[in-house]
Amino acid sequence: MSLKNFEVKQINIFYHNDHDGIFAAAVMNNYISKLHLSVEKQINLLFFRDQKISVNPETNLIPIDDYSINLKDEYSKVSKENDGNKLFIFLDYSFTNKDNLKWLDEISNNDNNKILIIDHHISSLELQEKEKENLIINIDTSYCGAVNTWKYLYPDKNIPKML
(Lines give C-alpha, C1' and ligand atoms only; values in the text may rest on other atoms or scores of the structure.)
Protein backbone atom coordinates (compact mmCIF):
# COMPACT_ATOMS: atom_id res chain seq x y z
CA MET A 1 0.00 0.00 0.00
CA SER A 2 1.44 3.30 -1.03
CA LEU A 3 0.54 6.33 1.06
CA LYS A 4 0.82 8.59 -1.97
CA ASN A 5 -2.28 9.89 -3.77
CA PHE A 6 -4.49 8.72 -0.98
CA GLU A 7 -7.84 10.29 -0.05
CA VAL A 8 -8.97 9.83 3.53
CA LYS A 9 -11.08 11.67 6.08
CA GLN A 10 -8.59 11.17 8.85
CA ILE A 11 -5.08 9.87 9.54
CA ASN A 12 -4.41 8.20 12.89
CA ILE A 13 -0.92 7.20 14.00
CA PHE A 14 -0.82 4.97 17.07
CA TYR A 15 2.68 4.43 18.46
CA HIS A 16 4.33 2.91 21.49
CA ASN A 17 5.21 5.85 23.73
CA ASP A 18 8.90 5.06 24.19
CA HIS A 19 12.01 6.33 22.35
CA ASP A 20 11.61 3.83 19.51
CA GLY A 21 7.91 4.54 18.99
CA ILE A 22 8.31 8.30 19.26
CA PHE A 23 11.05 8.29 16.60
CA ALA A 24 8.92 6.01 14.40
CA ALA A 25 5.97 8.42 14.75
CA ALA A 26 8.19 11.41 13.99
CA VAL A 27 9.49 9.75 10.80
CA MET A 28 5.95 8.85 9.71
CA ASN A 29 4.46 12.25 10.54
CA ASN A 30 7.25 14.01 8.63
CA TYR A 31 6.70 11.72 5.63
CA ILE A 32 2.93 12.25 5.65
CA SER A 33 3.26 16.03 6.02
CA LYS A 34 5.28 16.14 2.79
CA LEU A 35 2.78 14.05 0.78
CA HIS A 36 0.02 16.68 0.68
CA LEU A 37 -2.62 14.00 1.02
CA SER A 38 -6.22 14.92 0.43
CA VAL A 39 -7.72 14.87 3.90
CA GLU A 40 -11.32 16.03 4.16
CA LYS A 41 -11.27 16.49 7.92
CA GLN A 42 -8.30 18.15 9.57
CA ILE A 43 -7.46 17.46 13.18
CA ASN A 44 -4.60 19.06 15.03
CA LEU A 45 -3.93 16.90 18.08
CA LEU A 46 -0.96 15.25 19.68
CA PHE A 47 -1.20 13.82 23.16
CA PHE A 48 2.33 13.59 24.50
CA ARG A 49 2.72 12.96 28.21
CA ASP A 50 -0.69 14.60 28.81
CA GLN A 51 0.17 17.80 26.94
CA LYS A 52 -1.55 18.99 23.78
CA ILE A 53 1.03 19.96 21.17
CA SER A 54 0.40 21.24 17.65
CA VAL A 55 1.63 18.96 14.84
CA ASN A 56 0.74 18.14 11.27
CA PRO A 57 -2.90 19.33 11.15
CA GLU A 58 -3.98 16.35 9.07
CA THR A 59 -2.92 13.75 11.60
CA ASN A 60 -3.88 12.34 15.00
CA LEU A 61 -0.84 11.04 16.86
CA ILE A 62 -1.92 8.69 19.64
CA PRO A 63 0.78 7.46 22.04
CA ILE A 64 0.26 4.12 23.77
CA ASP A 65 2.04 3.86 27.12
CA ASP A 66 0.85 0.38 27.98
CA TYR A 67 -0.01 -2.60 25.76
CA SER A 68 -3.07 -3.31 27.92
CA ILE A 69 -4.68 0.05 26.99
CA ASN A 70 -7.84 -0.34 24.93
CA LEU A 71 -7.06 1.25 21.54
CA LYS A 72 -10.71 1.68 20.62
CA ASP A 73 -11.22 3.76 23.77
CA GLU A 74 -8.12 5.86 23.01
CA TYR A 75 -9.29 6.39 19.44
CA SER A 76 -12.76 7.45 20.62
CA LYS A 77 -11.10 10.35 22.48
CA VAL A 78 -10.06 11.94 19.18
CA SER A 79 -12.78 10.71 16.81
CA LYS A 80 -16.44 9.87 17.25
CA GLU A 81 -16.95 8.84 13.63
CA ASN A 82 -16.82 5.21 12.54
CA ASP A 83 -17.81 5.63 8.91
CA GLY A 84 -14.62 4.39 7.27
CA ASN A 85 -12.33 6.13 4.80
CA LYS A 86 -9.62 6.52 7.44
CA LEU A 87 -5.96 5.62 7.57
CA PHE A 88 -4.79 3.83 10.72
CA ILE A 89 -1.04 3.44 11.24
CA PHE A 90 0.36 1.40 14.14
CA LEU A 91 4.07 1.84 14.85
CA ASP A 92 6.22 -0.14 17.27
CA TYR A 93 3.09 -1.68 18.73
CA SER A 94 2.37 -5.35 19.41
CA PHE A 95 -1.28 -6.43 19.37
CA THR A 96 -1.15 -8.69 22.43
CA ASN A 97 -4.43 -7.42 23.93
CA LYS A 98 -7.44 -9.47 22.69
CA ASP A 99 -9.75 -6.45 22.69
CA ASN A 100 -7.29 -4.58 20.48
CA LEU A 101 -7.06 -7.53 18.07
CA LYS A 102 -10.86 -7.54 17.88
CA TRP A 103 -10.87 -3.79 17.13
CA LEU A 104 -8.20 -4.31 14.46
CA ASP A 105 -10.47 -6.87 12.80
CA GLU A 106 -13.40 -4.45 13.11
CA ILE A 107 -11.64 -1.52 11.41
CA SER A 108 -10.02 -3.74 8.75
CA ASN A 109 -13.39 -5.29 7.84
CA ASN A 110 -14.42 -1.87 6.53
CA ASP A 111 -12.77 -1.92 3.10
CA ASN A 112 -12.80 1.90 3.01
CA ASN A 113 -10.31 1.98 5.89
CA LYS A 114 -6.61 1.48 5.26
CA ILE A 115 -4.38 0.03 7.96
CA LEU A 116 -0.59 -0.11 8.08
CA ILE A 117 1.28 -1.90 10.88
CA ILE A 118 5.06 -1.52 11.19
CA ASP A 119 6.65 -3.34 14.09
CA HIS A 120 9.61 -5.38 15.30
CA HIS A 121 8.20 -7.44 18.18
CA ILE A 122 8.25 -11.22 17.83
CA SER A 123 4.71 -11.31 19.22
CA SER A 124 3.56 -9.41 16.10
CA LEU A 125 4.67 -12.07 13.64
CA GLU A 126 1.35 -13.92 13.91
CA LEU A 127 -0.43 -10.80 12.65
CA GLN A 128 0.95 -11.42 9.17
CA GLU A 129 -1.76 -14.03 8.56
CA LYS A 130 -4.36 -11.22 8.79
CA GLU A 131 -2.83 -9.24 5.92
CA LYS A 132 -5.18 -8.32 3.08
CA GLU A 133 -5.61 -5.54 0.53
CA ASN A 134 -6.48 -2.82 3.06
CA LEU A 135 -4.33 -4.21 5.92
CA ILE A 136 -0.57 -4.10 5.30
CA ILE A 137 1.67 -5.65 7.93
CA ASN A 138 5.41 -5.00 7.92
CA ILE A 139 7.23 -6.90 10.69
CA ASP A 140 11.02 -7.21 10.84
CA THR A 141 12.48 -8.41 14.12
CA SER A 142 16.01 -7.52 12.98
CA TYR A 143 15.52 -3.78 13.47
CA CYS A 144 13.73 -1.45 15.89
CA GLY A 145 10.36 0.07 15.02
CA ALA A 146 11.84 3.44 14.02
CA VAL A 147 14.28 1.83 11.57
CA ASN A 148 11.54 -0.39 10.15
CA THR A 149 9.40 2.71 9.61
CA TRP A 150 12.26 4.44 7.81
CA LYS A 151 12.95 1.38 5.68
CA TYR A 152 9.29 1.09 4.71
CA LEU A 153 8.97 4.75 3.72
CA TYR A 154 12.44 5.29 2.25
CA PRO A 155 13.64 1.89 0.94
CA ASP A 156 16.34 3.45 -1.26
CA LYS A 157 17.80 5.83 1.33
CA ASN A 158 20.41 5.17 3.97
CA ILE A 159 19.14 4.81 7.52
CA PRO A 160 20.05 7.89 9.58
CA LYS A 161 22.51 7.15 12.40
CA MET A 162 20.15 8.83 14.85
CA LEU A 163 17.64 6.00 14.36
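Residues numbered from 1 in each chain as written. Predicted model: local features only at pLDDT ≥ 70, side-chain atom pairs only at ≥ 80, totals over all residues. Heavy atoms only, no water.

Colleague: Explain the pairing of strand β7 (residues 86-91) here, please?
Modeller: The side chains of a regular strand alternate, first on one face of the sheet and then on the other. Of all the six residues making up β7, six are buried; the element is thus mostly covered by neighbouring parts of the structure. Burial along β7 is two-sided: the residues Lys86, Phe88 and Phe90 and Leu87, Ile89 and Leu91 are all buried. Of the strand pairs in this sheet, strand β2 (residues 10-16) and β7 are connected by six bridges, and their pairing is parallel. What sits directly across from Asn12, in β7, is Phe88. Relative to strand β8 (residues 114-119), β7 runs parallel, the two sharing five bridges. Paired with Phe88 across the two strands is Ile115, which belongs to β8. Note on the crossover from β7 through helix α3 (residues 98-108) to β8: the handedness is right-handed. (Buried < 20%, exposed > 50% of the residue type's maximum accessible area, 1.4 Å probe, protein only. Helix = DSSP H or I, 4+ residues; strand = E, 2+ residues; numbered from the N terminus. Pairing = 2+ DSSP bridges. Right-handed = clockwise from strand over helix to strand, strands pointing away.)

Colleague: What is the right way to look at unusual backbone geometry in this model?
Modeller: At Asp92, a position not held by glycine, the phi torsion is positive, near 55 degrees. For Asp92, the location among the structural elements is in the loop between β7 and α3.

Colleague: Please clarify how the pattern of salt bridges should be interpreted in this entry.
Modeller: A side chain of one charge can pair with a side chain of the opposite charge if their charged atoms are brought near each other. Under the counting rule described, the total for this entry stands at three salt bridges. A salt bridge links Asp105 to Lys130; the shortest N-O distance between them is 2.8 Å. Of this pair, Asp105 sits in helix α3 while Lys130 sits in the loop between β8 and β9 (135-139), and the two are 25 residues apart along the sequence. Since its relative accessible area comes to 29%, Asp105 is described here as partly exposed. By relative accessible area, which is 27% here, Lys130 ends up partly exposed. (Salt bridge = Lys/Arg side-chain N within 4 Å of Asp/Glu carboxyl O.)

Colleague: What's the story with the packing of aromatic side chains in this structure? I'm lost.
Modeller: Two descriptors summarise a pair of aromatic rings, namely the distance from one centre to the other and the angle between the planes of the rings. Counted under the stated rule, the structure contains eight aromatic pairs. Ring centres of Tyr31 and Tyr154 lie 5.4 Å apart, and the angle between their planes is 80 degrees; this geometry places the pair in the edge-to-face category. Remark: Tyr154 occurs in the segment after α4 (145-153) and Tyr31 occurs in helix α1 (residues 19-35); sequence separation between them is 123 residues. Each member of the pair, Tyr31 as well as Tyr154, is classed as buried. On the basis of an interplanar angle of 85 degrees and a centroid distance of 6.3 Å, the ring pair of Phe90 and Trp103 is categorised as edge-to-face. Of the two residues, Phe90 sits in strand β7 while Trp103 sits in helix α3, which places them 13 residues apart along the sequence. Given the relative accessible area of 3%, Trp103 is considered buried. (Phe/Tyr/Trp six-rings, centres within 6.5 Å; stacked < 30°, edge-to-face > 60°.)

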